[in-house]
Amino acid sequence: MISTLSAFFSSDILHAQIFINKIYMTNEILLLAITAASIGFFHTILGPDHYLPFIFMAKARKWSMFKTSWVTVACGIGHVGSSILLGVIGFVFGIALFKLETFEGVRGDLAAYAFILFGLAYFIWGIRRAILNKPHKHMHLHKDGTLHVHDHTHAEDHDHIHKKNITPWILFTIFVLGPCEPLIPVLMYPAAGTSTSGMVFIAVIFGIVTITTMLAVVLIATFGFNFVKLGKLERYSHALAGAIVFLSGVAIVLGL
């Protein structure tokens, strides 16, 4: 009789302990989810390199809102996805956290210098284009003796011939190189200690918030920027876009 009662109470205690552990794990995952959403939002807002390149490139290259959106989202997926993939590989193969952080640091440096090189090259090209695109007048004398004068630019004609460009794919490559620094050490590994599904859930929350914030900032700023008329400075819009990308890389190197 005593042994039966003991087994009964032991079973109840075990079930209660499992229930308490589930509540604890659920609360921990919930807390991590809120942290992931907060870090994803502020990490993006406080990192101008997450949105300024898209805003100024969209203005310079006259991208539609649709193209601006898919370029931003694609780069955001590459940015977050590469860190998630690295975190999963580290978890599966038991790679030490400090090794992953070291590798992420190397990736961050590569992305920063890629920003700098691409921005500098684009800036130089933009200056050259602005010089070539300086408006000049052409005069045509018609058979009836009428003199017709019109402004003309060579660079714009050249743009009509070469409409396709690789700028979105260069940006995508740079963002794939660029790590989401807080994701692995602050979020994924603590979540992995709770459960694998929890780790996936945290990574998804962080990714959705980060990409959504990027897209929202880019679209709002681009929409407003479309109403800004640069006048004679319009032909320097490519040079300005290159300068912004260049400065974004410099800011990353300086840890700003």
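Because the structure is a prediction, the values reported are computed rather than measured.

**Description of the overall build of the protein chain**
- In terms of helices and strands, the protein chain carries nine helices and two strands.
- In sequence order, the secondary structure elements of the protein chain are arranged as α-α-α-α-β-β-α-α-α-α-α.
- Relative to its 256 residues, the protein chain shows a buried fraction of 36%.
- Taking the contacts inside the protein chain whose residues are at least 6 apart along the sequence as the reference set, 80% of them involve residues at least 24 apart.
- Working note: accessible area of the protein chain is about 15100 Å², and carbon and sulfur atoms make up 74% of it.

**Considerations on the packing of aromatic side chains**
- Taken as a whole and assessed by the stated rule, the structure comprises nine aromatic pairs.
- Between Phe-41 and Phe-42 the ring centres are 5.1 Å apart and the planes differ by 80 degrees, which places this aromatic pair in the edge-to-face class.
- Here Phe-118 and Tyr-122 contribute two aromatic rings whose centre-to-centre distance is 5.8 Å and whose plane-to-plane angle is 55 degrees, an arrangement assigned as tilted. Taken together, the residues span about one helical turn, with Phe-118 and Tyr-122 both in helix H4 (residues 97-132) at a distance of four residues.

**Overview of the nonpolar core**
- In this structure, Phe-54, Met-57, Phe-118 and Leu-171 are the most contacted members of the largest nonpolar core, which totals 23 residues.
- For this core, the secondary structure elements donating two or more residues are helix H2 (52-61), helix H3 (65-93), H4, helix H6 (167-177), helix H8 (196-225) and helix H9 (237-253).
- Looking at this core element by element, the count peaks at six residues for H2.
- In this structure, Phe-54 is in contact with Val-71, Thr-72, Cys-75, Leu-171, Phe-175, Met-214 and Val-218, ignoring residues within four places of it in sequence.
- Of all hydrophobic cores here, the second largest spans 17 residues; its members include Ala-33, Leu-86, Leu-183 and Ile-184.

**Quick look at the confidence of the model for the protein chain**
- Looking at the protein chain as a whole, the pLDDT averages 81, with 77% of positions reaching at least 70.
- Residue range residues 12-24 is modelled with pLDDT below 50. Its contacts to residues more than four positions away, or to other chains, number zero contacts.
- Contacts for the low-pLDDT stretch residues 155-162, under 50 throughout, to residues beyond four places or in other chains number six contacts.

**Considerations on the environment of Gly-87**
- Within the secondary structure, Gly-87 is located in helix H3.
- Note on Gly-87: relative accessible area 0%, which makes it buried.
- Separated by 14 residues in the primary sequence, Gly-87 and Glu-101 place their C-alpha atoms 9.9 Å from one another.

**Let's talk about the side chain of Thr-167**
- Relative to the helices and strands, Thr-167 resides in helix H6.
- The buried category is assigned to Thr-167, whose relative accessible area is 5%.
- Those residues in contact with Thr-167, other than ones at most four positions away along the chain, are Met-57, Arg-61, Trp-63, Phe-118 and Tyr-122.

**Let's talk about the packing of H2 against H6**
- Two elements in contact, H2 and H6, have axes separated by 12 Å at closest approach and are oriented at 175 degrees. If you check the angle between H2 and H6, you find them roughly antiparallel. Contacts between H2 and H6 involve Pro-53, Phe-54, Met-57 and Arg-61 from the first element and Thr-167, Leu-171 and Phe-175 from the second.
- Its residues placed into classes, the contact of H2 with H6 shows five nonpolar, one polar and one charged.

**A closer look at the packing of H4 against H9**
- Contact geometry for H4 and H9: axes closest at 7 Å, N-to-C directions at 160 degrees. If you check the angle between H4 and H9, you find them roughly antiparallel. Seen along the crossing, H4 lies across H9 with a hand that is left-handed.
- When the residues that make up the contact of H4 with H9 are grouped by side-chain class, the tally is 18 nonpolar, six polar and one charged.

**What about the layout of surface pockets?**
- Considered as a void within the structure, the second largest pocket measures approximately 300 Å³ in volume.
- Forming the walls of the second largest pocket are 17 residues, and the residues nearest its centre are His-43, Asp-49, His-50, Glu-181 and Ile-252.
- Those elements that place two or more of their residues in the lining of the second largest pocket are H4 and H6.

**Observations concerning a nonpolar patch on the surface**
- Among the surface-exposed residues, Leu-85, Val-88, Ile-89, Phe-91, Val-92 and Phe-93 lie close enough to one another that they form a single nonpolar patch of about 560 Å² accessible area.
- By secondary structure assignment, the location of Phe-91 is in helix H3.
- Judged by its relative accessible area of 33%, Phe-91 is partly exposed.

**Digging into H2**
- Burial runs high along H2: eight of the ten residues are buried.
- Of the positions making up H2, those classed as buried are Pro-53, Phe-54, Ile-55, Phe-56, Met-57, Ala-58, Lys-59 and Ala-60.
- Check the buried side of H2 and you find it contacts H3, H4, H6, H8 and H9.

Calculation notes
Residues numbered from 1 in each chain as written. Predicted model: local features only at pLDDT ≥ 70, side-chain atom pairs only at ≥ 80, totals over all residues. Heavy atoms only, no water. Helix = DSSP H or I, 4+ residues; strand = E, 2+ residues; numbered from the N terminus. Buried < 20%, exposed > 50% of the residue type's maximum accessible area, 1.4 Å probe, protein only. Contact = heavy atoms within 4.5 Å. Areas by Shrake-Rupley, 256 points an atom, 1.4 Å probe, with all protein chains shown as cover. Phe/Tyr/Trp six-rings, centres within 6.5 Å; stacked < 30°, edge-to-face > 60°. Core = buried A, V, L, I, M, F, W, Y, C linked by side-chain atoms within 4.5 Å. pLDDT = per-residue confidence, 0-100. Axes fitted to C-alpha atoms, helices over the stretch in contact; angles between N-to-C directions. Parallel < 35°, antiparallel > 145°, perpendicular 65-115°, else oblique. Nonpolar A, V, L, I, M, F, W, Y, C, P; charged D, E, K, R; others polar. Left-handed = near helix turned anticlockwise from the far one by under 90°. 1 Å grid on protein atoms, 1.4 Å probe; cavity = no way out; pocket = protein on both sides within 12 Å on 5 of 7 lines; lining within 4 Å. Points joined across faces, edges and corners; volume = space filled by probe spheres on them. Patch = residues over 30% accessible without salt bridge, like charges linked within 9 Å, V, L, I, M, F, W, Y side chains within 5 Å. Salt bridge = Lys/Arg side-chain N within 4 Å of Asp/Glu carboxyl O.

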